[in-house]
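The residues making up each chain are set out below.
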Amino acid sequence: MANFIEELYYGNIEPQNMKKKKSKSYSRKMKILSENEDILLEKLHEEDKKLFLEYVDAWGIVDGESIVDSFISGFRLGARFTYDTFVETESSLLKEE
């Protein structure tokens, strides 16, 4: 793991692409989403289909940006833990209030 930072820099470490086993609950929810989308698209008229698909696309973008923001926040929190653990030398008992 000596080259971890270099591997991250060159894009060889992609946490979002790490394979994870999906839970049965997750798989069921994905199936429900897919089936319901198909049912709705069958029932909607062309103009409503377009509106629905725009909604789905917009939600995907908003959700994706939210996930990126959560990742960045988590990464920063981890960095703060590391800093506090290895760099910060002042004892909380000795701090003046």
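Above this note sits the structure.
Note that the structure is a prediction, hence the values are computed from the model and not measured. (Residues numbered from 1 in each chain as written. Predicted model: local features only at pLDDT ≥ 70, side-chain atom pairs only at ≥ 80, totals over all residues. Heavy atoms only, no water.)

*Asks:* Mind showing me how you'd approach a positive patch on the surface here?
*Replies:* There is a patch of like positive charges on the surface, built from Lys21, Lys24, Arg28 and Lys29. As for its position among the elements, Lys29 is in helix H2 (residues 24–43). By relative accessible area, which is 52% here, Lys29 ends up exposed. (Patch = residues over 30% accessible without salt bridge, like charges linked within 9 Å, V, L, I, M, F, W, Y side chains within 5 Å. Areas by Shrake-Rupley, 256 points an atom, 1.4 Å probe, with all protein chains shown as cover. Salt bridge = Lys/Arg side-chain N within 4 Å of Asp/Glu carboxyl O. Lys, Arg positive; Asp, Glu negative; His and termini not counted. Charge placed at Lys NZ, Arg CZ, Asp CG, Glu CD. Helix = DSSP H or I, 4+ residues; strand = E, 2+ residues; numbered from the N terminus. Buried < 20%, exposed > 50% of the residue type's maximum accessible area, 1.4 Å probe, protein only.)

*Asks:* Would you mind showing me how to read the pattern of salt bridges here?
*Replies:* Where charged atoms from two side chains of opposite charge come close, those side chains can pair. Within the structure shown, the criterion is met by two salt bridges. A salt bridge links Lys31 to Glu35; the nearest nitrogen and oxygen atoms lie 3.8 Å apart. Of this pair, Lys31 and Glu35 both sit in helix H2, four residues apart, which is roughly one turn of the helix. On the accessibility criterion, Lys31 (51% relative accessible area) is exposed.

*Asks:* Help me understand the packing of H2 against helix H3 (residues 46–86), please; the structure alone is not making it clear to me.
*Replies:* Two quantities define a packed helix pair, namely the angle between the axes and the distance from one axis to the other. Two elements in contact, H2 and H3, have axes separated by 8 Å at closest approach and are oriented at 150°. In terms of their interaxial angle, H2 and H3 are classed as roughly antiparallel. Facing Glu37, Leu40 and Leu41 of H2, the residues of H3 in contact are Lys49, Phe52 and Leu53. Within the contact of H2 with H3, the residues separate by chemical class into four nonpolar, no polar and two charged. (Axes fitted to C-alpha atoms, helices over the stretch in contact; angles between N-to-C directions. Parallel < 35°, antiparallel > 145°, perpendicular 65-115°, else oblique. Contact = heavy atoms within 4.5 Å. Nonpolar A, V, L, I, M, F, W, Y, C, P; charged D, E, K, R; others polar.)

*Asks:* Whenever I open this one, a nonpolar patch on the surface confuses me. Can you help?
*Replies:* Taken together, Phe4, Ile5, Leu8, Val68, Phe71, Ile72 and Phe75 make up a surface patch of nonpolar side chains, about 690 Å² in accessible area. Of all the elements in the fold, those that place two or more residues in the nonpolar patch are helix H1 (4–9) and H3. The element that contributes the greatest number of residues to the nonpolar patch is H3, accounting for four residues. Its place among the elements puts Phe75 in helix H3. Owing to a relative accessible area of 53%, Phe75 belongs among the exposed residues under this scheme.

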